[in-house]
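# Report on the structure
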Amino acid sequence: MNPQAKLVFTISLLLGTTITISSNHWVMAWTGLEINTLAILPLISKSHHPRAIEAATKYFLVQAAASALVLFSSMTNAWHTGQWDITQLTHPVSCLILTSAIAMKLGLVPFHFWFPEVLQGSPLTTGLLLSTIMKLPPMALLFMTSPSLNPTLLTTMAILSTALGGWMGLNQTQTRKILAFSSISHLGWMAIIVIYNPKLTLLNFYLYVLMTSTVFLTLNSIKALKLSTLMTTWTKAPALNTMLLLTLLSLAGLPPLTGFLPKWLIIQELTKQDMAPAATIISLLSLLGLFFYLRLAYCATITLPPHTTNHMKLWYTNKPTSILVAILTTMSIILLPISPMILTII
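Residues numbered from 1 in each chain as written. Predicted model: local features only at pLDDT ≥ 70, side-chain atom pairs only at ≥ 80, totals over all residues. Heavy atoms only, no water.

The criterion, for reference: UniProt positions are given in the numbering used here, feature names are shortened, and annotations may be inferred rather than shown by experiment.
Per an unreviewed UniProt entry, the protein goes by the name NADH-ubiquinone oxidoreductase chain 2 and belongs to Passer hispaniolensis. Per its UniProt entry, the protein bears the Sequence similarities (unreviewed entry) comment "Belongs to the complex I subunit 2 family." Taken from UniProt, the Function (unreviewed entry) comment for the protein reads in full: "Core subunit of the mitochondrial membrane respiratory chain NADH dehydrogenase (Complex I) which catalyzes electron transfer from NADH through the respiratory chain, using ubiquinone as an electron acceptor. Essential for the catalytic activity and assembly of complex I."

### Describing the side chain of Arg176
What counts here: Strands here mean DSSP runs of E at least two residues long; helices mean DSSP runs of H or I at least four residues long; both are numbered from the N terminus. Note on exposure labels: buried denotes an accessible area under 20% of the residue type's maximum, exposed denotes more than 50%, and partly exposed covers the range between, all computed with a 1.4 Å probe on protein chains only. Positive charge is attributed to Lys and Arg, negative charge to Asp and Glu, and no charge count is given to His or to the chain ends. A side-chain nitrogen of Lys or Arg and a carboxyl oxygen of Asp or Glu constitute a salt bridge if their distance falls within 4 Å. In the analysis that follows, any N or O atom pair within 3.5 Å is treated as a polar contact, provided that within protein one partner can donate a hydrogen and the other can accept it, and provided that, for residues neighboring in sequence, both atoms belong to side chains.
Inspection of the secondary structure assignment puts Arg176 in helix H9 (residues 175-193). An unpaired buried charge is present at Arg176: no salt bridge exists, and Glu117, the closest side chain of opposite charge, is 11 Å distant. A polar contact is formed between the side chain of Arg176 and the backbone oxygen of Ser122, at a distance of 2.6 Å.

### Brief notes about the environment of Lys177
Convention followed: Throughout, a contact is declared for two residues whenever any of their heavy atoms are within 4.5 Å.
Within the secondary structure, Lys177 sits in helix H9. Under the relative-accessibility criterion, Lys177 is labelled buried at 17%. Setting aside its immediate chain neighbours within four residues, Lys177 contacts Arg51, Pro116, Glu117, Gln120 and Gln172. In terms of polar contacts, Lys177 uses its side chain to reach the side chain of Glu117, at 3.5 Å.

### Observations concerning the nonpolar core
Convention followed: Nonpolar cores are built from buried Ala, Val, Leu, Ile, Met, Phe, Trp, Tyr and Cys residues. Side-chain atoms within 4.5 Å join them into one set.
Core analysis: the biggest nonpolar cluster contains 101 residues, and Tyr59, Leu130, Ile192 and Leu230 have the highest contact counts within it. Sequence-distant contacts of Ile192, that is, excluding residues within four places in its chain, are made with Thr155, Ala158, Ile159, Ile266, Leu270, Ala278 and Ile282.

### Quick notes on the domain arrangement of the protein
Cut-off, in case you're wondering: All the domain ranges listed were derived from an automatic or database domain assignment. Note: buried area is the sum, over both parts, of the accessible area (probe 1.4 Å) each one loses when the two are combined. Each residue is assigned to one class: nonpolar for Ala, Val, Leu, Ile, Met, Phe, Trp, Tyr, Cys and Pro, charged for Asp, Glu, Lys and Arg, and polar for all the others, Gly among them.
According to the domain assignment, the protein contains domain 1 (1-121) and domain 2 (149-345). On a C-alpha basis, the centres of domain 1 and domain 2 stand 24 Å from each other. Here domain 1 meets domain 2 over a buried area of about 1600 Å², counting both sides, of which 76% is carbon and sulfur. Per-residue buried area on domain 1 facing domain 2 is highest for Leu108, Val109 and Gln120; these three make up 36% of the total on that side. Inspection of the domain 1/domain 2 interface yields 1 salt bridge. Residues Glu117 and Lys177 are paired through a salt bridge, measuring 3.5 Å at the closest nitrogen-oxygen approach. Scanning the region where domain 1 abuts domain 2 turns up 4 residue pairs in polar contact (both at pLDDT 80 or more). Elements with a minimum of two residues in the side of domain 1 that touches domain 2: helix H4 (92-106) and helix H5 (114-121). Here the side of domain 1 that touches domain 2 gets 6 residues from one element, more than from any other, and that element is H4. Taken together, the residues of the side of domain 1 that touches domain 2 break down into 12 nonpolar, 4 polar and 2 charged.

### Looking at the UniProt feature "transmembrane region" (unreviewed entry) in the protein
On the UniProt side, "transmembrane region" (unreviewed entry) is annotated at positions that read residues 59-79, 91-115, 152-171, 178-196, 202-222, 243-266, 278-300 and 321-343 here. Secondary structure across residues 91-115 divides into 68% helix and 0% strand, with the first and last C-alpha atoms of the span separated by 29 Å. Taken end to end, residues 202-222 comprises 100% helix and 0% strand; its first and last C-alpha atoms sit 30 Å apart.

### What about helix H7 (residues 136-145)?
Among the 10 residues in H7, 8 count as buried, and that is most of the element. Those residues of H7 that sit buried are Pro137, Pro138, Met139, Ala140, Leu141, Leu142, Met144 and Thr145. Those residues of H7 that are buried lie in contact with helix H1 (3-22), helix H2 (26-44), H4, H9 and helix H10 (198-222).

### Thoughts on empty space enclosed by the protein
This is how it is decided: Cavities and pockets were defined on a 1 Å grid built from protein atoms only: a cavity is a group of points that admits a 1.4 Å probe but offers it no way out, a pocket is an open group of points flanked by protein on both sides within 12 Å along at least five of seven lines, and a lining residue is one with an atom within 4 Å of any such point. Grid points are joined across faces, edges and corners, and a volume is the space filled by probe spheres set on the points.
Applying the stated criterion across every chain yields a total of 3 cavities of 30 Å³ or more. Estimated volume of the largest cavity: approximately 70 Å³. Lining the largest cavity are Ser182, Ser185, His186, Trp189, Leu251, Ala252, Lys263, Leu285, Ser286, Gly289, Leu290 and Tyr293. Looking at the lining of the largest cavity, the elements with two or more residues in it are H9, helix H12 (238-252) and helix H14 (276-302). Here the lining of the largest cavity gets 5 residues from one element, more than from any other, and that element is H14. The class makeup of the residues in the lining of the largest cavity is 6 nonpolar, 5 polar and 1 charged.

### Regarding helix H3 (residues 50-81)
Inclusion rule: In this analysis, the expected span of each helix is defined as 1.5 Å times one less than the number of residues it contains.
Between its first and last C-alpha atoms H3 spans 46 Å; for 32 residues at 1.5 Å apiece the expected length is 46 Å, and the two agree. Looking one or two places after H3, you find Gly82, whose phi comes out positive at around 75 degrees.

### Points about the packing of aromatic side chains
How two aromatic rings sit relative to each other is given by the distance of their centres and the angle of their planes. Inclusion rule: Any two rings among Phe, Tyr and Trp, with Trp reduced to its six-membered ring, count as a pair given centres within 6.5 Å; such a pair is stacked if its planes are under 30 degrees apart, edge-to-face if over 60, and tilted if neither.
Taken as a whole, this structure holds 6 aromatic pairs when the rule is applied. Residues Phe205 and Tyr208 carry aromatic rings whose centres are separated by 6.4 Å and whose planes lie at 40 degrees to one another, so their mutual orientation is tilted. Of this pair, Phe205 and Tyr208 both sit in helix H10, 3 residues apart, roughly one helical turn. By the burial criterion, Phe205 is buried, and Tyr208 matches it.

See below:
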């Protein structure tokens with residue numbers, strides 16, 4: 001792709017995200033979402049592969065439908081209350097439609113079907129954008145409208161997202177699809193707590209972005225798109241693969257690592273809100289996610305060559321790992337001890 005065009009699309013992505021996050025008026029938020037969608041489409045379809053074009057088409061149709069629902073819910077609310085302010089969403093039908101629209105934008109169950117397909121058809125760097133920065137505007141809208149939303153509906157969607165994200169990730173062999181189902185599962189954790197403690201949702205989102213970025217950039221530097229490719233990467237960059245093991249375990253939420261912090265706080269908050277059954281169910285469902293992270297980690301680090309995968313070895317030049325990957329990996333692993341400081345910041 002032409003570097004100037006890529007720069008224009010990247011700036012548009014940042015502009016759309018900024019407009020949505022900083023807006024108070026529904027029409028401005030909708031405009032930001034539309035700019036975002038239009039800017040990411042060329043980045044998805046830049047390889048001109050039929051799979052990439054299919055992914056871009058699916059993404060466009062889903063996001064256009066979600067944006068139309070956002071506009072429809074805000075207009076319904078304005079019709080009944082005369083308010084265009086995002087935080088003044090009070091009409092129950094508008095709240096219901098908006099919850100569906102945001103779920104569609106984020107990829108929450110039952111509107112999750114597009115996300116694994118789109119991620120599978122995109123390059124790893126675009127997949128990183130789709131999993132992180134493209135989730136920020138809908139997450140900001142969810143944060144701002146959280147007092148008005150229906151708790152039962154959100155809790156149900158959250159538990160279903162964690163369950164389906166875990167179940168459907170179990171038999172995948174493509175790393176991008178595994179990360180897509182991992183994202184759906186994490187979104188379940190964010191959605192369940194957004195009504196009771198929105199700041200916890202944001203903390204969870206930030207740490208999820210940190211860990212997912214690390215995994216995507218690591219996979220991009222070792223060029224691993226399938227588990228069979230991942231099995232042959234141990235000899236290429238042993239240190240990076242070992243760190244990938246720890247990052248994946250952090251993403252699963254194992255205790256001494258960064259990923260445990262949001263899960264711990266969410267379970268604590270749910271227990272305070274007399275939602276111990278929901279906390280128990282969502283904790284048990286996260287074990288499904290742990291299984292496929294362990295599978296990824298096993299393929300990346302514990303399967304030592306020579307082994308019996310009939311996969312062609314890739315040519316590899318011994319280039320050093322970027323400093324960004326090193327910093328992100330370190331943060332993905334060792335932030336738990338400074339959790340009191342993180343909590344004072346939020």
